[in-house]
Amino acid sequence: MPEDVVIIGAGPAGLTAAIQLRRYGLRPRLFEARRPGGLLWNANLVENYPGFPGGIPGPALARLFLEQATAVGVEITLEAVTTLDWTGSLFRLQTSCGVTEARAAIVATGTRPRPLTGFDTPEELQDRIAYEVADWPALQGERIVIIGGGDAAFDYALNLARQNFVIILNRSAQVKCLPLLWERASACRNIAYYANTVVQRLLPRPDGRMTVECFSPQGMLTLTADRLLGAIGREPQKDFLAPTLQREAPVLEACGLLYFVGDLKNGLFRQTAIAAGDGLRAAMHLYSRLQEMTDESACLDREGRNCDCVHC
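Per chain, residues are indexed from 1 in the order of the written sequence. Only residues with pLDDT of 70 or above have their local features reported here, since the model is predicted, and side-chain atom pairs are shown and tallied only from 80 upward, although totals for entire chains, interfaces and linings are computed over all residues. Excluding hydrogens and water, the side-chain figures rest on all heavy atoms present in the structure.

Enquirer: Even after reading the chapter, I still don't get the sheet that holds strand 15 (residues 227-230), so can you show me in this structure?
Expert: Pairing between sheet strands relies on hydrogen bonds along the backbone, with the strands arranged either parallel or antiparallel. Note on pairing: DSSP must find at least two bridges between two strands before they are called paired. Secondary structure is summarised from DSSP: a helix means a run of H or I of at least four residues, a strand means a run of E of at least two, and numbering begins at the N terminus for each. Pairing in this open sheet of 5 strands is parallel, and the strands run 8-15-9-10-11 from one edge to the other. Here the strands that pair on one side only, and so sit at the sheet edges, are strand 8 (129-130) and strand 11 (191-194). Pairing geometry for strand 8 and strand 15, over 2 bridges, is parallel. Bridge assignment links Ile129 to a residue of strand 15, and that residue is Leu228.

Enquirer: Any chance you could explain the side chain of Asn170 here in plain terms?
Expert: Of note, Asn170 is situated in the loop between strand 10 (165-169) and helix 4 (179-187). If sequence neighbours within four positions are ignored, Asn170 has contacts with Gly148, Gly149, Val175, Tyr193, Tyr194, Ala195, Asn196 and Thr197. Every residue pair with non-hydrogen atoms within 4.5 Å of one another is taken to be in contact.

Enquirer: Sorry if this is basic, but what is going on with the pairing of strand 11 here?
Expert: In summary, the side chains of a regular strand alternate between the two faces of the sheet. Sheet topology places strand 10 next to strand 11; 4 bridges connect them, and they run parallel. Directly across from Ile167, in strand 11, lies its bridge partner Ala192. A clockwise course of the path from the first strand over the helix to the second, judged with the strands pointing away from the viewer, identifies a crossover as right-handed. Crossover handedness for the path strand 10 to helix 4 to strand 11: right-handed.

Enquirer: Hey, could you run me through the nonpolar core in this one?
Expert: Among soluble globular proteins, nonpolar side chains are generally buried collectively. By nonpolar core is meant a set of buried Ala, Val, Leu, Ile, Met, Phe, Trp, Tyr and Cys residues that side-chain atoms within 4.5 Å join together. The cut-offs for exposure are 20% and 50% of the maximum accessible area for each residue type, with area from a 1.4 Å probe on protein chains only; residues under the lower value are buried, those over the upper are exposed, and the others partly exposed. In terms of nonpolar packing, the biggest core is built from 55 residues, with Ile7, Leu84, Phe91, Ile106, Leu245 and Leu258 touching the most fellow members. Core analysis: the second largest hydrophobic core is formed by 21 residues, Ala130, Leu139, Ala153 and Leu160 among them.

Enquirer: Just checking my understanding: could you explain the sheet that holds strand 14 (residues 219-225) for this structure?
Expert: The antiparallel open sheet is built from 3 strands, whose spatial order is 12-13-14. Each of the sheet's edge strands pairs with one partner strand only, and the pair in question is strand 12 (198-204) and strand 14. Strand after strand, the sheet turns through a mean of 25° between neighbouring axes, direction not considered. Both strand 12 and strand 13 (residues 210-216) contribute to a ladder of 6 bridges, which runs antiparallel. By the bridge assignment, Leu202 is partnered in strand 13 with Val212. Only C-alpha atoms enter the line fits that serve as axes; for helices the fit covers just the stretch in contact. Angles between N-to-C directions range over 0 to 180 degrees.

Enquirer: For this particular structure, what's the right way to read the pairing of strand 9 (residues 143-147)?
Expert: Burial analysis of strand 9 places 4 of its 5 residues in the buried class, the great majority of the element. As paired strands, strand 9 and strand 10 are joined by 5 bridges and run parallel to one another. Following the sheet pairing, Ile146 is matched in strand 10 by Ile168. Viewed along the sheet, the connection from strand 9 through helix 3 (residues 151-160) into strand 10 turns out right-handed. Note that strand 9 and strand 15 share 4 bridges and pair parallel. Residue pairing in the sheet places Ile144 in a bridge with Arg227 of strand 15.

Remember that the coordinates give geometry; whether it matters functionally is a separate question.
Now the structure itself:
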């Protein structure tokens, strides 16, 4: 038997959708490739999510999302979805462990980081380069270079600067973060900032650290670092969508059987509150659609008799 609903992605959007569907009495299959909670695990402080007047650290909010989901019986399958397709009547979801079919799907896979380009990374430094703070264990007393000039770069810097020294390298002259983040970073003694600075080369050092050679307005700049973090933007994570599904997506969305929610579709408006609202709205619309489908099936089972149902 096919599932009623599959949800791909257990960030704020996917978790909220699952929580609401459980309130309706449904048991959605929720798949997550990495760590439930999404990018909240990277967030230094979430200050615009209602209900927390002083703000709340991202990991703490992620734990609350998971606690609430667990309390209502949401079960998360920790498997990466490799393909989501449409068979003409059902969604077909493929993971490394098998195939799941469903009548409806909510896609909440968020975004993936844009890779750093312009320089090669020696093999021995691969494990010291990341794109998300959560990819590293708790760090203390290290020198960390962050490449980027937006909200993520400065938020990561403030997070890491509590117990480390952080160097932000902005490849342009323009700072694209919130003024509040710029103000906090400027006041932090553990953060150094360089504008118009582009990494040219990474070199391993005998002591296990790395040399970061950069071109700057003052000429060549040589920095010593333990780790390097890329924060130059993100793009929608949707490479698992099969060509057939991509072609049929507009029709499936119009029919109320397919929903793209959260950061995956919101462009620059990537905020926890917006993602959660997306997930809630999708779950409410989807439940109504599934009820309509049930009523339509009941009408078809009347052996051809006329009935007053508006769906006949």
